[in-house]
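Each chain, letter by letter, is given below.
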Amino acid sequence: MNRKSLISIGDFSKEEILHVLETAKEFEQNRSQKILDGKVIACIFFEPSTRTRLSFETAVNRLGAKVIGFSDATNTSVSKGETLKDTIKMVSNYVDMIIMRHPLEGSSRYASEVASVPVVNAGDGANQHPSQTLLDLYSIQKTQGTLENLTINMVGDLKYGRTTHSLLQAMSHFNPSFIFTAPDELKMPAEYKDFLTEKGIGFTETTSLEEHLDDCDILYMTRVQQERFTDPMEYEKVKDVYRLEASMLGNVKKNMKILHPLPRVGEIDQDVDDTPYAYYFKQAENGLYVRMAIIAYLLGYR
Ligand code: CP
């Protein structure tokens, strides 16, 4: 793998994670720093995206680099049968960094092995979404004043939700405890629970959204990932399993914050938006500063 790629959150040490969060703070205070003048960065998205693609592209622009890429591979030679390997080799001849989203798990790791420039995984199937994790950590640190000793309640699709997998791994540096709220069909996969057990990190599992709402510092809501289901009937069974409403938040911790990687579909009622606990839109804004920090770090400018 290219040494300076970011494919899994495990590619960054605790020190690197904290360094990126510090740098993001700097970029939040000064949002336009043209330190990458003359660079070109490719954003190639084989799967739909709003926040990740637009915040990465904004980050590139605010850092003074130019952006090329596509948001729909059907308009590229992939539709003529060109392989991912050839596509990546070609694109890496043109640019200084590749930011890629792809539906196949492991595709970003593979891309980093054939590319001659750093690759950032902007989401590979149900596997990892490390830039989302760094912005989640930034949001947690900003709202809680620390990353240490927090209780994180992850809710919804813990089976396919790549953001929960990456966040769990990253938080393991900071002595967390976890509550996993999911229906049986969408439980946290065993490999991630084994990871926590090996590290001596505690977790509780429940199917009830109400059961642990009042116990957590961060309520991390997720969407049921329709695009990962092979059987539409299975999706229909679980798609509306949880719906958080403002009336359910009467006894939560005073500084509890609700995060969601977005997009939401039905799992957070709009009446939650006006409560002091809702943080998901600010969280998405934080993504800009964190993605500026990731790019600057990987290219050796911070
Ligand atoms: N959180 C996230 O990855 O959003 P998008 O799919 O809109 O990029």
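Residues numbered from 1 in each chain as written. Predicted model: local features only at pLDDT ≥ 70, side-chain atom pairs only at ≥ 80, totals over all residues. Heavy atoms only, no water.

(A) The sheet that holds strand 5 (residues 151-155), seen in detail. The strand order across the open sheet formed by five strands is 7-6-5-8-9, and the pairing between neighbours is parallel. Looking along the sheet, the strands with just one partner apiece sit at the ends: strand 7 (203-206) and strand 9 (257-259). Sheet twist, expressed as the average angle between the axes of neighbouring strands with direction ignored, equals 20°. In the sheet, strand 8 (residues 218-221) pairs with strand 9 via three bridges, with the strands oriented parallel. The residue of strand 9 that forms the bridge with Ile218 is Lys257. (Pairing = 2+ DSSP bridges. Helix = DSSP H or I, 4+ residues; strand = E, 2+ residues; numbered from the N terminus. Axes fitted to C-alpha atoms, helices over the stretch in contact; angles between N-to-C directions.)

(B) Main features of the side chain of Asn121. Relative to the elements of secondary structure, Asn121 occurs in strand 4 (residues 119-124). Note on Asn121: relative accessible area 0%, which makes it buried. A polar contact is formed between the side chain of Asn121 and the side chain of Asp124, at a distance of 3.0 Å. Residues in contact with Asn121, not counting those within four places in the same chain, are Leu6, Ile7, Met100, Ser108, Gln128 and Pro130. (Buried < 20%, exposed > 50% of the residue type's maximum accessible area, 1.4 Å probe, protein only. Polar contact = N/O pair within 3.5 Å; in protein donor to acceptor, adjacent residues only side chain to side chain. Contact = heavy atoms within 4.5 Å.)

(C) Structural detail: empty space enclosed by the protein. Within this structure, the stated rule accounts for one cavity of 30 Å³ or more. Roughly 50 Å³ of internal volume is contained in the largest cavity. Arg51, Thr52, Gln132, Leu135, His260, Pro261, Gln283, Ala284 and Arg291 together form the lining of the largest cavity. The greatest single-element share of the lining of the largest cavity, amounting to three residues, is contributed by helix 9 (residues 280-298). In terms of residue class, the lining of the largest cavity is built from three nonpolar, four polar and two charged. (1 Å grid on protein atoms, 1.4 Å probe; cavity = no way out; pocket = protein on both sides within 12 Å on 5 of 7 lines; lining within 4 Å. Points joined across faces, edges and corners; volume = space filled by probe spheres on them. Nonpolar A, V, L, I, M, F, W, Y, C, P; charged D, E, K, R; others polar.)

(D) Up close: the packing of helix 1 (residues 14-29) against helix 5 (residues 130-144). It is at 10 Å that the axes of helix 1 and helix 5 come closest, and there the two elements cross at 70°. When the axes of helix 1 and helix 5 are compared, the pair comes out roughly perpendicular. Contacts between helix 1 and helix 5 pair Ile17, Leu18, Val20, Leu21, Ala24, Lys25 and Glu28 from the former with Leu134, Leu137, Tyr138, Gln141 and Lys142 from the latter. Broken down by class, the residue content of the contact of helix 1 with helix 5 amounts to eight nonpolar, one polar and three charged. (Parallel < 35°, antiparallel > 145°, perpendicular 65-115°, else oblique.)

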